[in-house]
Amino acid sequence: MIVYYSIFAYTCFISYLGCYLYRRNLASGPQISEEEYLVKAEKSISLFWALVSVALMVFFVAERSDYNDTVSYINAFNDASTNITTKELFGSTDVNSPGFSTLMVLFKRYISKDYTAWFTFLAIFQAGAIVSIYYRYSCNFFLSMYLFIASTSFMWLQSGIRQFTAVCLILYFLNFVIERRILAFAIVVYLAYTIHDSAILWIPIYFIVKFKPFSKQIWVCIILTLLAFFFVTQFTSLLDSSLEGTDYEGYGTAMTNYDADSSGQLDNGANPIRFLISAVPPAIALWRWKYIKDRTNPMIDVCINMGTAAAGVNLLGIVTSGILVGRVPIYFTPVNFIVLPWMFKYSFSGYVKKIIVTLCYILYFAYFLYDMVYMHRGHYASDNLGFSYYY
């Protein structure tokens, strides 16, 4: 666990230091125009310190040799032929992620045949996406990074990396959603789909998140999600009927009968605690809505709706497949850590704010320990660094 404790401590310390230095320099720096000051005040950290804050995370993620499906990715990289063409990859029915496979082949052909270099490239790309959204949109970069680490969302950088690569590609272009640039965003979703087909979910989600939070349209979606939760059998049967004859035929059945491993053991659904964690930001937004509804902006509106979508999918994951459904919310949960700092800043004050923020730090850290220790996710191995530890 020392690796993950080190990542936690380093990321929090550097991001806090970067925010402190940014505020100090802004306050004591040379005189600037009011317009320029307002632009700089929207940020909470310099880009340099934001990038430095994820350096240790990128290092350990890049150096790993075993964690969950890491060995499968190593084998896939080592076995990849540099002679295969992009046309062959996209034309083959045996390749279900031609975009990711093409990227891997091109990297191996032109950059390096070392899988550690490949993992380094992916880690930089993925960590860069997280830095990008928090640097651009968070009013408190330190708190956003604290929540990202404490929620153990950072573990996606070394597990399920094909799906998380698709997630990060979309995060880089999240502004397309906010600016309603549907054609440009459709191209991004298609590229993400070639990396991991779960990205196709963003097509209906795009039209949902554009509504005002807790509007009639959003409440309809919430009610439908609750009905699907309580009547999951009827919901999956209806889903099977509607998808019959498409590439997703049988998806409903798979949601409730999914093989977790080669032995055929069925998974037992998503962890209910993950649902509770993901439900906190939209729940607070609903609680404080009358205080913030006139202060929100298009970015915060989209992020609140994405957080609501994450909670809804996590809820369905409890009664369906934790592997098939429970992994989908990662497309939306990173923006929860933009919403929470914003709501702490604008919807609370005085002792109430201090209590809420303190509870946030404590409970998220408790969840970090729970996930690392009790759920046994704290193992790590690196052949390059010469150490490993398992439970």
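Residues numbered from 1 in each chain as written. Predicted model: local features only at pLDDT ≥ 70, side-chain atom pairs only at ≥ 80, totals over all residues. Heavy atoms only, no water.

A. Just the overall build of the protein chain, in detail. Regarding its fold elements, the protein chain presents 21 helices and two strands. A total accessible area of about 18,900 Å² is found for the protein chain, and carbon and sulfur atoms account for 63% of it. (Helix = DSSP H or I, 4+ residues; strand = E, 2+ residues; numbered from the N terminus. Areas by Shrake-Rupley, 256 points an atom, 1.4 Å probe, with all protein chains shown as cover.)

B. Just the layout of surface pockets, in detail. Space inside the second largest pocket adds up to approximately 740 Å³. If you trace the second largest pocket, you find 27 residues lining it, with A41, E42, C139, K345 and Y346 closest to the centre. Looking at the lining of the second largest pocket element by element, the count peaks at five residues for helix α20 (residues 336–347). Its residues assigned to classes, the lining of the second largest pocket shows 15 nonpolar, four polar and eight charged. (1 Å grid on protein atoms, 1.4 Å probe; cavity = no way out; pocket = protein on both sides within 12 Å on 5 of 7 lines; lining within 4 Å. Points joined across faces, edges and corners; volume = space filled by probe spheres on them. Nonpolar A, V, L, I, M, F, W, Y, C, P; charged D, E, K, R; others polar.)

C. The packing of helix α10 (residues 161–172) against helix α12 (residues 182–195), seen in detail. Contact pair α10 / α12: the axes reach a minimum separation of 8 Å and the direction vectors enclose 170 degrees. One finds that α10 runs roughly antiparallel with respect to α12. The segment α10 lies against α12, with R162, T165, A166, L169 and I170 engaging F185, V188, L191, A192 and I195. Each residue belonging to the contact of α10 with α12 can be placed in one class, and the counts come to eight nonpolar, one polar and one charged. (Axes fitted to C-alpha atoms, helices over the stretch in contact; angles between N-to-C directions. Parallel < 35°, antiparallel > 145°, perpendicular 65-115°, else oblique. Contact = heavy atoms within 4.5 Å.)

D. Examining the packing of helix α1 (residues 2–28) against helix α9 (residues 141–150) more closely. Where α1 contacts α9, the axes come no closer than 8 Å and their chain directions differ by 170 degrees. In terms of orientation, α1 lies roughly antiparallel with respect to α9. Seen from α1, the contacting residues are I7, F8, T11, C12, S15, Y16 and C19; seen from α9, they are F141, F142, M145, Y146, I149 and A150. The residue makeup of the contact of α1 with α9, split by class, is eleven nonpolar, two polar and no charged.

E. Region of the structure containing a nonpolar patch on the surface. Together, F90, I182, L183, I187, Y190, L191, I203 and F207 line one region of the surface with nonpolar side chains, adding up to about 800 Å² of accessible area. For the nonpolar patch, the elements supplying multiple residues, two or more each, are α12 and α13 (202–209). The leading source of residues in the nonpolar patch is α12, at five residues. (Patch = residues over 30% accessible without salt bridge, like charges linked within 9 Å, V, L, I, M, F, W, Y side chains within 5 Å. Salt bridge = Lys/Arg side-chain N within 4 Å of Asp/Glu carboxyl O.)

F. Region of interest: the packing of aromatic side chains. Under the defined criterion, the tally for this structure stands at 40 aromatic pairs. Each ring, one from Y331 and one from F332, has its centre 6.4 Å from the other, and the planes form 50 degrees; the classification is tilted. For the pair shown, Y331 and F332 are each scored as buried. Here the aromatic cluster, defined as three or more aromatic residues joined through ring pairs, consists of Y5, F8, Y16, F142, Y146, Y361, F365 and F368. One Lys or Arg, K43, reaches over the ring of Y135 and ends 4.5 Å from the middle of that ring. For K108, the ring lying beneath its charged end belongs to F77, and the centroid distance is 5.5 Å. (Phe/Tyr/Trp six-rings, centres within 6.5 Å; stacked < 30°, edge-to-face > 60°. Buried < 20%, exposed > 50% of the residue type's maximum accessible area, 1.4 Å probe, protein only. Lys NZ or Arg CZ within 6 Å of the ring centre and 35° of its normal.)

G. Region of interest: unusual backbone geometry. Despite not being glycine, R180 shows a phi value in the positive range, around 60 degrees. Residue position: R180 is located in the loop between α11 (174–178) and α12. Overall, the relative accessible area of 35% leaves R180 in the partly exposed class. Of note in this structure, F214 is not a glycine but carries a positive phi near 60 degrees. Positionally, F214 belongs in the loop between α13 and α14 (216–230).

H. Spotlight on the pattern of salt bridges. A complete count under the given rule lists four salt bridges for this structure. We note a salt bridge from D371 to R377, for which the minimum N-O separation is 2.6 Å. This pair shows no difference in class: D371 is buried, exactly as R377 is. Salt bridges sharing partners connect three or more residues here, namely R274, D371 and R377.

I. Region of interest: the side chain of S198. Secondary-structure assignment places S198 in the loop between α12 and α13. Exposure remark for S198: the relative accessible area of 14% places this residue in the buried category.

J. Just the confidence of the model for the protein chain, in detail. Taken residue by residue, the protein chain gives an average pLDDT of 86. The fraction at 70 or more is 85%. Confidence drops under pLDDT 50 across residues 260–266; counting only partners more than four residues distant or on other chains, this segment forms ten contacts. (pLDDT = per-residue confidence, 0-100.)

K. Fine view of the side chain of D301. With respect to the secondary-structure elements, D301 resides in helix α19 (residues 298–319). Among the residues examined, D301 registers a relative accessible area of 11% and is labelled buried. With residues up to four places along the chain from it excluded, the contact list for D301 reads V209, K212, P213, W289 and T296.

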